[in-house]
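Here's the letter readout for the chains.
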Amino acid sequence: MPNISQRNQSSVAGPYFVDQLVCNGCGICVLLAKENFRSDNDGLAFVAKQPRGSKQEACCAKALEQCPEFAIGKVD
Ligand code: SF4
């Protein structure tokens with residue numbers, strides 16, 4: 001379960017976040033949600049842009065589901 005207190009501080013504020021202590025830098029989220037996830041200088045993912053619109057939301061939801069480390073979280 002991703003822990004928001006371990007949120008990658010490079011991320012923009014908003015519902016989606018990446019737990020930087022759990023992320024392994026595989027890049028799957030960056031491939032699945034190109035508009036929203038990026039890799040930082042350490043190769044770990046962060047949320048560059050929170051999703052806007054149903055297409056980006058669907059991509060981010062897929063990234064959350066597909067992350068092999070369960071490092072992506074979403075808060076309300
Ligand atoms: S899919 Fe998960 S483990 Fe892979 S880079 Fe993204 S957040 Fe990190």
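All values derive from a computational prediction rather than experimental measurement.

1. A word on the site of the ligand
Logical step 1: Neighbouring residues of the ligand: 14 residues in total, closest Cys-23, Cys-26, Cys-29, Ala-45 and Cys-67.
Logical step 2: Per-class residue counts for the shell around the ligand are ten nonpolar, three polar and one charged.

2. Some points on unusual backbone geometry
Logical step 1: Within the chain, Phe-70 stands out as a residue other than glycine whose phi angle is a positive 55°.
Logical step 2: Mapped onto the secondary structure, Phe-70 falls in the loop between helix H2 (53–66) and strand S4 (72–74).
Logical step 3: For Phe-70, a count of 13 C-beta atoms within 10 Å gives the class partly exposed.

3. A few points about the environment of Asp-42
Logical step 1: Inspection of the secondary structure puts Asp-42 in the loop between strand S2 (37–39) and strand S3 (45–47).
Logical step 2: Residues Asp-42 and Gly-25, spaced 17 residues apart in sequence, show a C-alpha to C-alpha distance of 8.3 Å.

4. A few points about the nonpolar core
Logical step 1: Grouped together as the largest cluster of nonpolar side chains are 17 residues, with contacts concentrated most on Val-18, Cys-29, Ala-45, Ala-63 and Ile-72.
Logical step 2: When residues of this core are traced back to their parent elements, those giving at least two are strand S1 (16–18), S3 and H2.
Logical step 3: Dropping the residues within four chain positions of it, Ala-63 is found in contact with Cys-29, Leu-32, Ala-33, Phe-37 and Ile-72.

Cut-off values and rules
Residues numbered from 1 in each chain as written. Predicted model: local features only at pLDDT ≥ 70, side-chain atom pairs only at ≥ 80, totals over all residues. Near = placed C-beta within 6 Å. Nonpolar A, V, L, I, M, F, W, Y, C, P; charged D, E, K, R; others polar. Helix = DSSP H or I, 4+ residues; strand = E, 2+ residues; numbered from the N terminus. Buried ≥ 20, exposed ≤ 12 C-beta atoms within 10 Å, placed from the backbone. Core = buried A, V, L, I, M, F, W, Y, C linked by C-beta atoms within 7 Å. Contact = placed C-beta atoms within 7 Å.

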